[in-house]
There are 2 protein chains.
Amino acid sequence: MFFRKNVSPLPKPTKIRNIKELAELAGVSPGTVSRALSDSGLISAKTRERIKDLAAKHDFRPNAMARNLRIQKTGAIGVLIPLGHETGQHISDPFFITMLGLLADALTEQGYDLMLSRVIPSDTGWLDRIVDSGRVDGLIIIGQSDQSAVLDRVAARYRPMVVWGGHTPQQVHCSVGSDNFKGGDLAASHLIERGCKRIAFLGDPKALEIGQRLEGCRAAMARAGLSDGLTVFPAHLVAEAAQSDIAAFLGTGQHRPQGIVAASDVVAMSALRALSERGIVVPDDIRVIGYDDLALAELTVPRLSTIRQDLTKGAAALIDLLLRRIAGEDTPSLVMEPELIVRMST
Amino acid sequence: MFFRKNVSPLPKPTKIRNIKELAELAGVSPGTVSRALSDSGLISAKTRERIKDLAAKHDFRPNAMARNLRIQKTGAIGVLIPLGHETGQHISDPFFITMLGLLADALTEQGYDLMLSRVIPSDTGWLDRIVDSGRVDGLIIIGQSDQSAVLDRVAARYRPMVVWGGHTPQQVHCSVGSDNFKGGDLAASHLIERGCKRIAFLGDPKALEIGQRLEGCRAAMARAGLSDGLTVFPAHLVAEAAQSDIAAFLGTGQHRPQGIVAASDVVAMSALRALSERGIVVPDDIRVIGYDDLALAELTVPRLSTIRQDLTKGAAALIDLLLRRIAGEDTPSLVMEPELIVRMST
DNA sequence: CCTAGAATCGCAATCGATTGAATTTTTCGA
DNA sequence: TCGAAAAATTCAATCGATTGCGATTCTAGG
């Protein structure tokens, strides 16, 4: 590890620092410049063009902070990732980047900046601090984690906030997500159809969404008269940890499950590898189904069957609802249909 | 897909909107409140505590925009992901989330916000616009992509900017990254040692870093007298695309390579699956080595040998250098040693 | 009890852009 | 050519917090 010098930079000609300087350079008042730059109809076309050209020539752009203060808007949307149910979790989860990428694109398109924060809720006021800081015009929260209470409390006083995750009848906050209960049901039903009688659920049900997926599995098992066949293993979402946990779990010889419902594709991937290393063949010996249908699901060996959540549609909905809330509207939550994707692992 | 109503929210008691209101409520001047809240020594301990308590009781936090304007700082660092060499690329690459997570943690710890932007450089002024918008105190750019010229030009006038990626002797901008040439050399040498005489390089060398890795491979091959044994296949970083490309490439029967150097772990993953589906056994038939050593590399079947870049150290260095640049220092670039990690795929 | 000097606190300018109201300039019909 | 309406521009207040400087209060020594 060593340092290398960079070629040294060049100086630069004088620059316009604010709207006032640009104004006296153009021989008009600051107000006129402001209106010209913002395409106000109150300015004659010729001076507007003149000022715009001048601004372009000096590549001047009005100060965003000053504008924000006056307008009382920041032009930024906060995207929060609460890591409550899993302290010390590093988001190695590709789910986040997929969602983040979609949000970043859509927000940029709408002219908003994206402020990213990972929050590890130490106390109950973490969300209030962010809301009251006045740094964002609205908030998108990815996953309730185990913080539903906090979300509900804040949602009661702060409108421009939308949450990706599960939906419960009594919740106050506006959410977007797939029907996790139905998704879990779909997954378990699929395994049952394939002949599985003993099924393991891998995932930590403390997170709202995952708990709902588990309930869905339970319902499917009950319907099939297999209520006793479901085992829950609260595998962590962290890939490395899940790895050894799953291996240990599957070591329980004769009661080995015939099917695995993983709480996410990443957990499923961990399971696939653990199984492969123990010489257990998927899907012949054990069938595995994931959740999310990330791009990764196509890359596993064998290709992963999974429950698809349409993240593209989800991201679009999150932003649509948020913008409407910023505009003052009171929007309902959105629950999307999950879809069973059958590939090679079941 | 359907909507569900949320429970309606409650009203709230009157709230302090600014420092002035808090001041008259406390019977002091706004200036005093400001000083009290910012722990200025010019205020007596008792009034300071009194005001702080009052602020806490009304959970009042001074407006960030106003503060920013006055202080001439935003408290935010921009993180940019240029997607130049690959139009339409969706960052499904776990590399980004790994880096982003590390940066988010470290920046939060330093009291900075993180503003994320994905940029698809349409013209040559994309970076100037961001710099001049005045929305951030500094910039971290992840990967030069094919935009080195733009980076150099802007670096000449804008100091608080650090780039993750490759380093060239003539570059103007400050960069942090591993020695890609040496990394490529390491990868190819390892395969050569294992007996490979025909090696394929998978990755698009238009991106600076990847081009350097390729050069490293070339050097290793030349040293071993195998200059003719290297084939380059410009596989896209996009997982799905890489998939079919790689499969097509490996269909070229008798000249099939004995080893594959993938430009990243994600590309390597694609290769592994393509091989597996064609019944080609790794490492017996073909050896595969990746680059990055992401968490994913532990989850592939078989576990992926790879060239490790210490992203934790890298992220820390990016931020350290950036903060020093913000403070006015002129920092050199940092080149870290890559490390060969041998697992099961070679 | 008086006063120098330190400890607190208030006053008012400032950051840079926006915008309603006032003012000046232009336009155009009579 | 005059004057009123319309168009263009200027003026000045405002957003909310920070901070140098001046004013006031307090402390303590003589």
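Everything numeric in this text was worked out from a predicted model, so none of it was measured. (Residues numbered from 1 in each chain as written. Chains lettered and ligands numbered in written order. Predicted model: local features only at pLDDT ≥ 70, side-chain atom pairs only at ≥ 80, totals over all residues. Heavy atoms only, no water.)

Undergrad: Please explain the sheet that holds strand β7 (residues 199–202) of chain B as it appears in this structure.
TA: Backbone-to-backbone hydrogen bonds join strands into a sheet, with any given pair of strands oriented parallel or antiparallel. Residue and element names in this part refer to chain B. An order of β8-β7-β9-β10-β11-β13 is seen for the six strands of this open sheet, with the pairing classed as mixed. The sheet is open, and its two borders are formed by β8 (230–233) and β13 (339–341), each paired with just one other strand. Each strand axis lies, on average, 20 degrees off the axis of its neighbour in the sheet, ignoring direction. Both strand β10 (residues 287–292) and strand β11 (residues 305–308) contribute to a ladder of four bridges, which runs parallel. (Pairing = 2+ DSSP bridges. Helix = DSSP H or I, 4+ residues; strand = E, 2+ residues; numbered from the N terminus. Axes fitted to C-alpha atoms, helices over the stretch in contact; angles between N-to-C directions.)

Undergrad: How do you make sense of the protein's contact with DNA strand D when you look at a structure like this?
TA: Of all residues adjacent to DNA strand D, which total 24 residues, the nearest are Thr32(A), Arg35(A), Ile19(B), Arg35(B) and Arg70(B). For DNA strand D, the backbone portion of the atoms within 4 Å of the protein, that is sugar and phosphate, comes to 62%. In this structure, a base oxygen belonging to DNA strand D sits 2.7 Å away from a side-chain N or O atom of Arg70(A). Of all the secondary structure elements, the ones that give two or more residues to the surface near DNA strand D are α2 (30–37) and α4 (64–71) of chain A together with α2 (30–37) and α4 (64–71) of chain B. Broken down by element, the surface near DNA strand D gets its largest block of residues, four residues, from α4(B). (Near = heavy atom within 4 Å. Polar contact = N/O pair within 3.5 Å; in protein donor to acceptor, adjacent residues only side chain to side chain.)

Undergrad: Could you clarify how one ought to interpret the interface of chain B and chain A in this entry?
TA: Think of interface size as the accessible area that goes away when the parts come together; that is how it is often given. Residue-level contacts link 81 residues of chain B with 81 residues of chain A. On the surface where chain B and chain A come into contact, there are eight salt bridges. Where Arg135(B) meets Asp113(A), a salt bridge forms, and the shortest distance between an N and an O atom there is 2.4 Å. Linking chain B with chain A are 14 residue pairs in polar contact (both at pLDDT 80 or more). (Contact = heavy atoms within 4.5 Å. Salt bridge = Lys/Arg side-chain N within 4 Å of Asp/Glu carboxyl O.)

Undergrad: What is the right way to read the pattern of salt bridges from this model?
TA: Side chains that differ in sign of charge can pair as their charged atoms come close. All names here are of chain B. Summed over all chains, the structure comprises 46 salt bridges over all chains. With a shortest N-O distance of 2.8 Å, Lys 52 and Asp 39 are connected by a salt bridge. With Lys 52 in helix α3 (residues 45–57) and Asp 39 in the loop between α2 and α3, this residue pair connects regions lying 13 residues apart in the sequence. Relative accessible area serves as the criterion here: at 47%, Asp 39 is assigned to the partly exposed category. Linking Arg 157 and Asp 132 is a salt bridge whose minimum nitrogen-to-oxygen distance equals 3.2 Å. Of this pair, Arg 157 sits in the loop between α7 (148–155) and β5 (161–164) while Asp 132 sits in helix α6 (residues 126–132), and the two are 25 residues apart along the sequence. The exposure class assigned to Arg 157 is partly exposed, which follows from its relative accessible area of 27%. (Buried < 20%, exposed > 50% of the residue type's maximum accessible area, 1.4 Å probe, protein only.)

Undergrad: So what exactly am I meant to see when it comes to the protein's contact with DNA strand C here?
TA: Taken together, 23 residues sit near DNA strand C, with Ile19(A), Arg35(A), Arg70(A), Thr32(B) and Arg35(B) positioned nearest. Across the atoms of DNA strand C situated within 4 Å of the protein, the share located in sugar and phosphate is 61%. For DNA strand C, a base oxygen lies 2.5 Å from a polar atom in the side chain of Arg35(A). Looking at the surface near DNA strand C, the elements with two or more residues in it are α2 and α4 of chain A together with α2 and α4 of chain B. Tallying contributions element by element places α4(A) first for the surface near DNA strand C, with four residues. A breakdown of the residues in the surface near DNA strand C according to their chemical character gives nine nonpolar, nine polar and five charged. (Nonpolar A, V, L, I, M, F, W, Y, C, P; charged D, E, K, R; others polar.)

Undergrad: Before we go on, may I ask you to explain the pairing of strand β8 (residues 230–233) of chain A in this structure?
TA: Each regular strand displays side chains that alternate between the two surfaces of the sheet. All names here are of chain A. Pairing of strand β7 (residues 199–202) with β8, which is carried by four bridges, proceeds in the parallel orientation. By the bridge assignment for β8, Phe 201 is matched with Val 232. As a crossover connection, the stretch from β7 through helix α9 (residues 208–223) into β8 is right-handed. (Right-handed = clockwise from strand over helix to strand, strands pointing away.)

Undergrad: Please explain the confidence of the model for chain A as it appears in this structure.
TA: A low pLDDT score tells you not to read the predicted coordinates there in detail. The pLDDT averaged across chain A works out to 87; a share of 88% of its residues lies at or above 70. Across residues 87–91 of chain A the pLDDT falls below 50, and counting only partners more than four positions away or on other chains, this stretch makes eleven contacts in the model. (pLDDT = per-residue confidence, 0-100.)

Undergrad: Before we go on, may I ask you to explain the environment of Arg35(B) in this structure?
TA: Residue and element names in this part refer to chain B. When you line up the elements, Arg 35 lands in helix α2. Along the backbone, Arg 35 and Ile 51 are 16 residues apart, and their C-alpha atoms lie at a distance of 10.0 Å. Filtering out sequence-adjacent residues up to four positions away, Arg 35 remains in contact with Ser 40, Leu 42 and Ile 43.

Undergrad: Would you explain the relation of the copies chain B and chain A in this entry?
TA: Note: a rotation about an axis with an accompanying shift along it relates these two copies of the chain. Placing chain B over chain A gives an RMSD of 0.1 Å and needs a rotation angle of 180 degrees, together with 0.1 Å of translation along the axis. Such values leave the two copies arranged in the relation of a two-fold axis. Minimal C-alpha distance to the rotation axis in chain B is attained by Met115(B), lying at 2.2 Å. (Least-squares fit on C-alpha atoms with pLDDT ≥ 70 in both.)

Undergrad: Would you mind going over the packing of aromatic side chains with me for this structure?
TA: Two numbers describe a pair of aromatic rings. These are the distance of the centres and the angle of the planes. Residues and elements named next belong to chain A. By the definition in use, this model includes four aromatic pairs over all chains. Taken together, a centroid distance of 6.4 Å and an interplanar angle of 45 degrees make the contact between Phe 95 and Trp 164 tilted. Of this pair, Phe 95 sits in helix α5 (residues 94–109) while Trp 164 sits in strand β5 (residues 161–164), and the two are 69 residues apart along the sequence. Trp 164 carries the same exposure label as Phe 95, and that label is buried. Site record: aromatic cluster; members linked through ring pairs are Phe 95, Phe 96 and Trp 164. In this structure, Arg 213 packs its charged tip against the face of Tyr 291, placed 3.7 Å from the ring centre. (Phe/Tyr/Trp six-rings, centres within 6.5 Å; stacked < 30°, edge-to-face > 60°. Lys NZ or Arg CZ within 6 Å of the ring centre and 35° of its normal.)

Undergrad: How should I be thinking about the pairing of β5(B) in this particular structure?
TA: All names here are of chain B. Here β5 shows a buried face lined by Met 161 and Val 163 and a second buried face lined by Val 162 and Trp 164. Sheet topology places strand β4 (residues 138–142) next to β5; four bridges connect them, and they run parallel. If you follow Ile 142 over to β5, its bridge partner there is Trp 164. Read from β4 through α7 to β5, the crossover connection turns out right-handed.

Undergrad: What exactly am I supposed to notice about helix α12 (residues 311–326) of chain A here?
TA: For the α-helix, the turn length of 3.6 residues means that residues three or four positions removed from each other point alike. Residues and elements named next belong to chain A. Taking 1.5 Å per residue, 16 residues should reach 22 Å; α12 reaches 22 Å between its end C-alpha atoms and fits that length. Every buried residue of α12 is accounted for by Leu 311, Gly 314, Ala 315, Ala 317, Leu 318, Ile 319, Leu 321, Leu 322 and Arg 325. Contact partners of the buried residues in α12: β2 (76–82), α5, β4 (138–142), β5, β6 (174–178) and β12 (333–336). Positive backbone phi, approximately 105 degrees, marks Gly 328, located one or two places after α12. (Expected span 1.5 Å × (residues − 1).)

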